[in-house]
Number of protein chains: 4
Amino acid sequence: MFQFTAGFPSSSQRRSKCACSRRVIAWRPLGQPKRATLRSGRSGVLGIHATAVVPSLPAEFASLDENSDPVEVIDAALRVFGSDCAIAFSGAEDVLLVEYASQTKRPFRVFALDTGRLHPETYRFFDRVERHYEIRIEYCFPDATEVEKLVRNKGLFSFYTDGHQECCGVRKVQPLRKQLATLRAWITGQRRDQSPGTRAAIPVAQVDPTFAGLEGDGMLVKFNPLANMSSKQVWDTIRILEVPYNELHERGYISIGCEPCTRAVLPGQHEREGRWWWEDQTKKECGLHAGNISGSGSSSKP
Amino acid sequence: MFQFTAGFPSSSQRRSKCACSRRVIAWRPLGQPKRATLRSGRSGVLGIHATAVVPSLPAEFASLDENSDPVEVIDAALRVFGSDCAIAFSGAEDVLLVEYASQTKRPFRVFALDTGRLHPETYRFFDRVERHYEIRIEYCFPDATEVEKLVRNKGLFSFYTDGHQECCGVRKVQPLRKQLATLRAWITGQRRDQSPGTRAAIPVAQVDPTFAGLEGDGMLVKFNPLANMSSKQVWDTIRILEVPYNELHERGYISIGCEPCTRAVLPGQHEREGRWWWEDQTKKECGLHAGNISGSGSSSKP
Amino acid sequence: MFQFTAGFPSSSQRRSKCACSRRVIAWRPLGQPKRATLRSGRSGVLGIHATAVVPSLPAEFASLDENSDPVEVIDAALRVFGSDCAIAFSGAEDVLLVEYASQTKRPFRVFALDTGRLHPETYRFFDRVERHYEIRIEYCFPDATEVEKLVRNKGLFSFYTDGHQECCGVRKVQPLRKQLATLRAWITGQRRDQSPGTRAAIPVAQVDPTFAGLEGDGMLVKFNPLANMSSKQVWDTIRILEVPYNELHERGYISIGCEPCTRAVLPGQHEREGRWWWEDQTKKECGLHAGNISGSGSSSKP
Amino acid sequence: MFQFTAGFPSSSQRRSKCACSRRVIAWRPLGQPKRATLRSGRSGVLGIHATAVVPSLPAEFASLDENSDPVEVIDAALRVFGSDCAIAFSGAEDVLLVEYASQTKRPFRVFALDTGRLHPETYRFFDRVERHYEIRIEYCFPDATEVEKLVRNKGLFSFYTDGHQECCGVRKVQPLRKQLATLRAWITGQRRDQSPGTRAAIPVAQVDPTFAGLEGDGMLVKFNPLANMSSKQVWDTIRILEVPYNELHERGYISIGCEPCTRAVLPGQHEREGRWWWEDQTKKECGLHAGNISGSGSSSKP
């Protein structure tokens, strides 16, 4: 079991990917120098963890649970990880994460995966969010060679026949992986009520089951501050706080991803039916949160 | 209290509007001649009802309650009233009434209020319903003189400043009243979960609290077979039975009325917020179901 | 040949429809009393016209020709006919008529045929025009009985199979006839370049070949001030003068009529291909300007 | 002056970018082996061209002029350059190039610049063209690092304030340059009537004034087979031949580029007013055809 300790790895250790460094406790509080000396106690810590199998959350977040207020979760994340933490903003109702982050009065980072196939409305929404919160979003763009290889061979809509995983892999997962490799923690808008099957047990804070961060495998913390909010609660909040929202939400869209893989839903229809609707309902993760699908977590690793 | 009896009023009696005729029991079973002789027992009946104040449902419908299946309700309505009964179809999810009526295998009538301001999509949907169920919808159109008087004086959007009642009065209520005056019963798609305040206590069958039918005041029966279905149940049914639906429902619209007075709602927003959104939430009836609003029933009578 | 004279028929004569009154010269200048005495010279006038077969324009408009400026034409019309003249506004680029009328600084009337099937955008545009020019548009609405008879028998889209004439007859021609029967002149936005075949020889001013006005057959004057402007000239003017326009024009629509009978055209496609596209290109008049179709003028008369 | 000769550079020479190789005549007829021996006469050829300043078209295309049929032009291009030539397809009415190429019965290549900001309709249109003509389009995608640098610093809509050149440079010009560097000739849909100012003198065939191809500067041939067709002729042809077209053309769009930089135009408005409308009308080239703007040809070179 991993725990937060007083000892810190050196910067080079944190970035190295040797098995050793992955076991070093990396949860460095904000305000402390990055290159903190790591003197005593380290071997002891290592000793404690030598037999560790399942990584666990740093102790600082042990108190976060399903009753935690989202602002409290985000505040804790930003307090501990600072600029090594960023919000993953999809351009949908997870804009509430940005709103809550702004309420903490702490500086915060936001990134977004621009797959090259988003709705024009989503690009405009990103722009509105940037202006409203006076932030710059760190857009992550897919690799030209990878995209060209896919679309020159299979066309622009291969996902309808081959499934969305290949395209998501190129346009979302790889850019996300690249971005997460620069972070120690990220904050997502996942909620338990979003997905039939795949998101029913999302914790408010977890060690990322899929991706490695700056510190290597098993060291990236993933916060899901909205995990226990219902869609209705999120939307009531957006309306009450007059948070800007994607105009697609005025046209029947609930969950919003890439344009060809998103559609409006009918009244009463589950939002997830608006995503990859030609595929099995219980496997609707694009790889970003692949760990939610039992047994699939490792498959999307390199 | 009104009850069904073996005696029938003459046709002329049924159409007269004297207080007397209103106390005659008019629930004539289908298949019996309209001009049934009314011989014995009538005065006795009148005697019974001499002190009646609140009209009540014919006994045949006494067994209908919140547990009644919608098809059962419609079947009873059609069995008793036949072609003196018609479905009021708004062009929204109350298409389920048409589906259920078709399941009874009985002939049935459908009318719709074409206000002259419906969405193009709604007109197309009416057409689709006509073809799908092989029916003709009886469209009711507003009076030219009345419409011209309103719009030449106040323009085409007076409802935004003066409230929707005046326009609804001309375009919906008067044509409805004219149509209902030819009927002994009508079937609506009202549901308890539709309206915050106004529709919370809708019964499955009732004496229409607002409109007179062919038989005069207090003699028109109003069936609300969907009263106890939730929006979600209605929509699950529409999808499972592959009932045709208004394409506006694919663009965020739930409740659908006239184009300028209807809008899509946001995820999680109550459907009634998509209607007359510039007005007080608890008074959103257009006059068709004015009786739902406490104390307003009489105001929309002539 | 009809000519303007100093003698005026009495009001009752003007409104009577006897053959006699139709030969009385009715072009009464504005500012003169309506009930002008008609003393001498009348029989002489009648004598002159006793053998007239083809009605002709009053002399005051003799100088109007294809070189006349549209504002000049409208000014002449308003000067002579005043409130017995009105602009027929379709909700399309003939808004330029309203602009030009406003430039005359004379009071002017505008009417519009609200068929009950216009685009929502067109209703909004009417409203915008009312506000922009501070006028009230006289909307003409079709007769409920006629509309119901058509749509209850044939559905809402009979024009796609039976041709548009029947529906136009009910929703446009009859309301127009009713409106024109109160006028001595009307002003339309017809242009020569609009229609392949039917509008190639439209004069700037003419005796209406189809409709009767207040004075009876052959006495209604029809002005077409834009007859000799090209579509490009009209649109350049609209843009330069910043005249409000129907937002449908931003979505590929050129000619705009009823919603189900109008569509956007492709680049370079003739505007008339956006109307009644399922019908023969050379017969695209809705009855309003039926006189344009050779030999059809009389057929649309009562 | 450059001319076609019987001598061919070796493959390696053709790809080298030394000044020398640029003077070697590279117009190799199709069907001849790529690795043609280059023995005698070469120095003579070089001698001829030693003083060349302005590159000129190979003699084979000397007969192409404004009267040349577009199919003839494309046929000549494909005959001479084969798979070293490709059509640049923008997703608009230049689909006619693809149609004409298919009429030559020769194999042909098509590439398209997917800037990551195209309309969803354009992506769908690409797919339709691939299916209709049974081809694979070679999509060119912008470099992730370049895109991220731009949008992380300036946001997603910097072109509205800074001008479109920077964004076009990253998303269109660089990917185009990369693609052209693999070609000896390209075929574009430029027309003289497209641009007020910038495209008035486009020849049917020219040495590309802006880009280098496989053979180096001054050796890339650019064909503009539609140069002398009017917009109306192009569209009449598309309709008559039932060539698939971008559905945006049904919504008022004429010229189509990136979504945020394209808009529908009003009736009669020049198509170029639908592009970069916030900028000076006479400088509307994105860099692809920068050579059209006098004096700007060299500026967009590396």
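Predicted model only: the values in this text are computed from it and were never measured.

So, about the overall build of chain A. Tallying secondary structure elements over chain A gives ten helices and six strands in all. Within chain A, counting contacts between residues at least 6 apart in sequence, those at least 24 apart form 69% of the total. Per element, the accessible surface of chain A, about 11800 Å² overall, is 52% carbon and sulfur.

Once that is clear, we can look at the relation of the copies chain B and chain C. For the pair chain B and chain C, the superposition axis carries a translation of 0.0 Å, the fit reaches an RMSD of 0.0 Å, and the rotation angle comes to 180°. On the angle and the small slide along the axis, the relation comes out as a two-fold axis. Of every C-alpha in chain B, the one belonging to G116 of chain B sits nearest the axis of rotation, 2.0 Å from it. Both copies present the same face, since 100% of the interface residues in chain B are matched by interface residues at the equivalent positions in chain C.

Attention now goes to the interface of chain A and chain D. Contact residues are listed per partner, giving 32 residues for chain A and 32 residues for chain D. Counting the surface lost from both chain A and chain D, the interface buries some 2600 Å², and carbon and sulfur atoms represent 58% of this. A per-residue breakdown of the area chain A buries against chain D is headed by Y139, F141 and R152 of chain A, which together make up 27% of the total. At the junction of chain A and chain D, the tally comes to four salt bridges. Note that R152 of chain A is salt-bridged to E138 of chain D, the shortest N-O span being 3.9 Å.

Okay, the packing of helix α4 (residues 70-81) of chain A against helix α5 (residues 95-103) of chain A next. Residue and element names in this part refer to chain A. For the pair α4 and α5, the least separation of the axes is 9 Å and the interaxial angle reads 70°. The pairing of α4 with α5 is recorded here as roughly perpendicular in orientation. Both α4 and α5 take part in a crossing whose hand is right-handed. Between α4, through P70, V71 and I74, and α5, the contact on the second element is made entirely by L97, Y100, A101 and Q103. Each residue belonging to the contact of α4 with α5 can be placed in one class, and the counts come to six nonpolar, one polar and no charged.

Least-squares fitting of chain A to chain D yields an RMSD of 0.0 Å, with the superposition described by an axial translation of 0.0 Å and a rotation of 180°. The fraction of interface residues of chain A whose copies in chain D are also interface residues reaches 100%, indicating that both copies meet through the same surface.

Turning next to the sheet that holds strand β3 (residues 137-140) of chain D. Residue and element names in this part refer to chain D. Across the sheet, six strands lie side by side as β3-β2-β1-β4-β6-β5; this open sheet has mixed pairing. One side of each edge strand has no neighbouring strand; the edge strands of this open sheet are β3 and β5 (205-207). Direction aside, neighbouring strands of the sheet carry axes that sit 30° apart on average. For strand β1 (residues 85-88) and strand β4 (residues 185-187), the ladder comprises three bridges, and the chain directions are parallel. Counterpart to A86 in the pairing with β4 is W186. The strands that helix α5 (residues 95-103) touches are β1, β2 (110-113) and β4; relative to β1, the one it contacts most, it runs at about 145°. Relative to the sheet, helix α6 (residues 120-133) contacts β2 and β3, its axis offset from that of β3 by approximately 155°.

Residues and elements named next belong to chain A. Under the criterion given, the structure shown has 72 salt bridges over all chains. The residue E93 makes a salt bridge to R191 at a minimum N-O spacing of 2.7 Å. Separated by 98 residues along the polypeptide, E93 in the loop between β1 (85-88) and α5 and R191 in the loop between β4 (185-187) and β5 (205-207) bring together distant segments of the chain. Neither E93 nor R191 differs from the other in exposure class; each is buried. Each of E93, R191, D193 and E271 takes part in a single network of salt bridges with overlapping partners.

Before going further, it helps to spend a moment on the pairing of β1 of chain A. All names here are of chain A. Because side chains alternate across β1, one face comprises the buried residues C85 and I87, and the other comprises A86 and A88, equally buried. Of the pairings in the sheet, the one linking β1 to strand β2 (residues 110-113) comprises two bridges and is parallel in character. Bridging from a neighbouring strand, I87 pairs with V110 of β2. In terms of handedness, the path from β1 via α5 over to β2 forms a crossover that is right-handed.

Here D114 of chain C shows up in the loop between β2 (110-113) and α6 (120-133). Within the buried core, D114 of chain C has no salt-bridge partner, and the shortest N-O distance to an opposite charge, that of R171 of chain B, equals 4.6 Å. Setting aside anything within four residues of it in sequence, one finds D114 of chain C in contact with L156 of chain B together with Y123, C140, F141 and P142 of chain C.

Evaluation of the coordinates by the stated rule reveals zero disulfides over all chains. Left unpaired, C258 of chain A is separated from the closest cysteine sulfur, that of C261 of chain A, by 6.1 Å.

At the interface, 32 residues of chain B touch 32 residues of chain C. Between chain B and chain C lies a buried interface of about 2600 Å² when both sides are counted; carbon and sulfur atoms form 58% of it. Three residues stand out in chain B for area buried against chain C, namely Y139, F141 and R152 of chain B, and they jointly supply 27% of the buried area on that side. Here chain B is connected to chain C by four salt bridges. Residues E259 of chain B and R124 of chain C are paired through a salt bridge, measuring 3.3 Å at the closest nitrogen-oxygen approach. For the pair chain B and chain C, the number of links is twelve residue pairs in polar contact (both at pLDDT 80 or more). Going through the elements one at a time, α6 (120-133), β3 (137-140), α7 (144-154) and α9 (165-180) of chain B are the ones with two or more residues in the side of chain B that touches chain C. With seven residues, α7 of chain B is the largest single contributor of residues to the side of chain B that touches chain C. Of the residues belonging to the side of chain B that touches chain C, the class tally is 13 nonpolar, five polar and 14 charged.

Overall, the coordinates contain 60 aromatic pairs over all chains when judged by the stated rule. Clustering of aromatic rings is evident, with ring pairs tying together F157, F159, Y160, W277 and W278 of chain A. Its end group placed over the ring of W276 of chain B, R275 of chain B keeps NZ or CZ at 4.5 Å from the ring centre.

Residues and elements named next belong to chain B. Spatially, β3-β2-β1-β4-β6-β5 is the arrangement adopted by the six strands of the open sheet, whose pairing is mixed. Of all the strands in the sheet, the pair left with one neighbour each is β3 and β5 (205-207). Taking the axes of each pair of neighbouring strands and ignoring which way they run, one obtains an average angle of 30° across the sheet. Strand contacts of helix α5 (residues 95-103): β1 (85-88), β2 (110-113) and β4 (185-187), with the helix running at about 145° to β1, the strand carrying the most contacts.

Turning our attention to helix α5 (residues 95-103) of chain C. Residue and element names in this part refer to chain C. Counting buried positions over the nine residues of α5 gives seven, a clear majority of the element. Among the residues of α5, those classed as buried are V95, L96, L97, V98, E99, Y100 and A101. Buried residues in α5 make contact with α4 (70-81), β1 (85-88), β2, α6, β4 (185-187) and α10 (231-240).

It is worth spelling out the packing of α5 of chain D against helix α10 (residues 231-240) of chain D at this point. All names here are of chain D. The geometry of α5 relative to α10 is characterised by a closest axis approach of 10 Å and an angle of 55° between their N-to-C directions. It follows from the interaxial angle that α5 and α10 lie oblique. In this structure, the crossing between α5 and α10 has a hand that is left-handed. Along its contact with α5, which presents V95, L96 and Y100, the element α10 presents V234, T237 and I238.

With that out of the way, let us pick up the confidence of the model for chain A. Reading predicted coordinates in detail is not appropriate for stretches of low pLDDT. Residue and element names in this part refer to chain A. When pLDDT is averaged along chain A, the result is 81; 75% of the residues meet or exceed 70. A low-confidence stretch, residues 1-53 (pLDDT under 50), is modelled with 91 contacts involving residues beyond four sequence positions or located in other chains. Scored below 50 in pLDDT, residues 295-302 shows 13 contacts in the model against residues more than four places distant or in partner chains. ipTM for the predicted complex: 0.79, alongside a pTM of 0.81.

This part covers the environment of E134 of chain B. Counting through the fold element by element, E134 of chain B comes out in the loop between α6 and β3. Along the sequence, E134 of chain B and S102 of chain B sit 32 residues apart, while their C-alpha atoms lie 9.9 Å from each other.

What follows is about unusual backbone geometry. Look at W276 of chain B: it is not a glycine, yet its phi comes out positive at around 40°. You can see W276 of chain B is positioned in the segment after α10 (231-240). On the basis of relative accessibility, which here comes to 2%, the residue W276 of chain B falls in the buried class. One non-glycine residue, E134 of chain C, adopts positive backbone phi at about 50°. For E134 of chain C, a relative accessible area of 74% translates into the label exposed.

What counts and what doesn't
Residues numbered from 1 in each chain as written. Chains lettered and ligands numbered in written order. Predicted model: local features only at pLDDT ≥ 70, side-chain atom pairs only at ≥ 80, totals over all residues. Heavy atoms only, no water. Helix = DSSP H or I, 4+ residues; strand = E, 2+ residues; numbered from the N terminus. Contact = heavy atoms within 4.5 Å. Areas by Shrake-Rupley, 256 points an atom, 1.4 Å probe, with all protein chains shown as cover. Least-squares fit on C-alpha atoms with pLDDT ≥ 70 in both. Buried area = accessible area lost by both parts, 1.4 Å probe. Salt bridge = Lys/Arg side-chain N within 4 Å of Asp/Glu carboxyl O. Axes fitted to C-alpha atoms, helices over the stretch in contact; angles between N-to-C directions. Parallel < 35°, antiparallel > 145°, perpendicular 65-115°, else oblique. Left-handed = near helix turned anticlockwise from the far one by under 90°. Nonpolar A, V, L, I, M, F, W, Y, C, P; charged D, E, K, R; others polar. Pairing = 2+ DSSP bridges. Buried < 20%, exposed > 50% of the residue type's maximum accessible area, 1.4 Å probe, protein only. Right-handed = clockwise from strand over helix to strand, strands pointing away. Lys, Arg positive; Asp, Glu negative; His and termini not counted. Disulfide = S-S within 2.5 Å. Polar contact = N/O pair within 3.5 Å; in protein donor to acceptor, adjacent residues only side chain to side chain. Phe/Tyr/Trp six-rings, centres within 6.5 Å; stacked < 30°, edge-to-face > 60°. Lys NZ or Arg CZ within 6 Å of the ring centre and 35° of its normal. pLDDT = per-residue confidence, 0-100.

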